[in-house]
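Here is what each chain is made of, one letter per residue.
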Amino acid sequence: MRKAEFGFTLIEILIIVALIAIIAGLSYPSLKGTVRRAALNRSQDAVFSALEYARIKAMETGNDWVVIFSPSDSSYTVFSDNGITSPGPDGVLFTDDDIITPSYRNNGTLDGSAIGETSTQRKYWLDKGVYYGSSPDVDKLACSNQSGTPPSDGISFDNNRARFNLWGILRGNDGAVYLTEGKNTRAVSVRAATGRIKACLWRGTIWQ
């Protein structure tokens, strides 16, 4: 009796390869969209955490903590606006004998001459493919569903910075950061009067 032969012909292999390529091509847009949404989610979480951190540190230290948003390079910087220009006689920063320059303290600016401020500076970037802004269909203010549209640079905080004081509330007006990867938009907003930080997702007609 003749022994059965197993294997694939070249044509069968080519057909299998073609089918795999077709399936991969069909699934690629969906996979790409999933990756972009995940990057957007991570960026929103990171911005939320930075704002919450600044708020908590402001209440802990008694001086302003600031988050500056930079649309030009999709970054944000967190620092203590403490105005400390010298560690004082003991040579150690953040002790009672630190020397503070009043004009630097709580001015909302990262002063290069204030070593107490530059030592706390931390700069972060949004995930690749995510930038400040919103999709064209967003027609309500972040997280509140009030009428209005996001600013062109995606940041509505005064001077593109969120400043928390020792009571944990925001100096200036309510503000928000809008984040997008082109198709989807998320936002993080802060109420000035309470300092409450909220994250939300644009659902096409409302924020949730």
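Residues numbered from 1 in each chain as written. Predicted model: local features only at pLDDT ≥ 70, side-chain atom pairs only at ≥ 80, totals over all residues. Heavy atoms only, no water.

K.L.:
Please give an account of the environment of V130 that cites residues and values.
P.N.:
Structurally, V130 is set in the loop between β5 (122-125) and β6 (131-132). With 51 residues separating them along the chain, V130 and E181 place their C-alpha atoms 4.6 Å apart. Excluding its chain neighbours within four sequence positions, the residues that come into contact with V130 are A39, L40, S43, S74, L179 and T180. (Helix = DSSP H or I, 4+ residues; strand = E, 2+ residues; numbered from the N terminus. Contact = heavy atoms within 4.5 Å.)

K.L.:
A description of the nonpolar core should follow, citing residues and the corresponding values.
P.N.:
In this structure, L51, F69 and F164 are the most contacted members of the largest nonpolar core, which totals 26 residues. Elements with a contribution of two residues or more to this core: α1 (10-61), β1 (65-70), β2 (75-80), β7 (161-164), β8 (175-180) and β9 (185-190). Counting nine residues, the second largest nonpolar core, distinct from the first, contains V138, A142, C143 and C200. (Core = buried A, V, L, I, M, F, W, Y, C linked by side-chain atoms within 4.5 Å. Buried < 20%, exposed > 50% of the residue type's maximum accessible area, 1.4 Å probe, protein only.)

K.L.:
Break down the side chain of Q44 for me, with residues and values.
P.N.:
When you line up the elements, Q44 lands in helix α1. Beyond its immediate sequence surroundings of up to four residues, Q44 is in contact with L179, R186, A187, V188, A199 and C200.

K.L.:
Lay out the sheet that holds β1 with the relevant residues and their values.
P.N.:
Pairing is antiparallel in the open sheet, where four strands are placed in the order β5-β2-β1-β7. With one partner strand each, in any of the chains shown, β5 and β7 form the two edges of the open sheet. Strand-to-strand twist of the sheet, defined as the mean angle between neighbouring strand axes without regard to direction, takes the value 15°. Summarising the sheet, β1 and β7 pair through four bridges and their orientation is antiparallel. Following the sheet pairing, W65 is matched in β7 by F164. (Pairing = 2+ DSSP bridges. Axes fitted to C-alpha atoms, helices over the stretch in contact; angles between N-to-C directions.)

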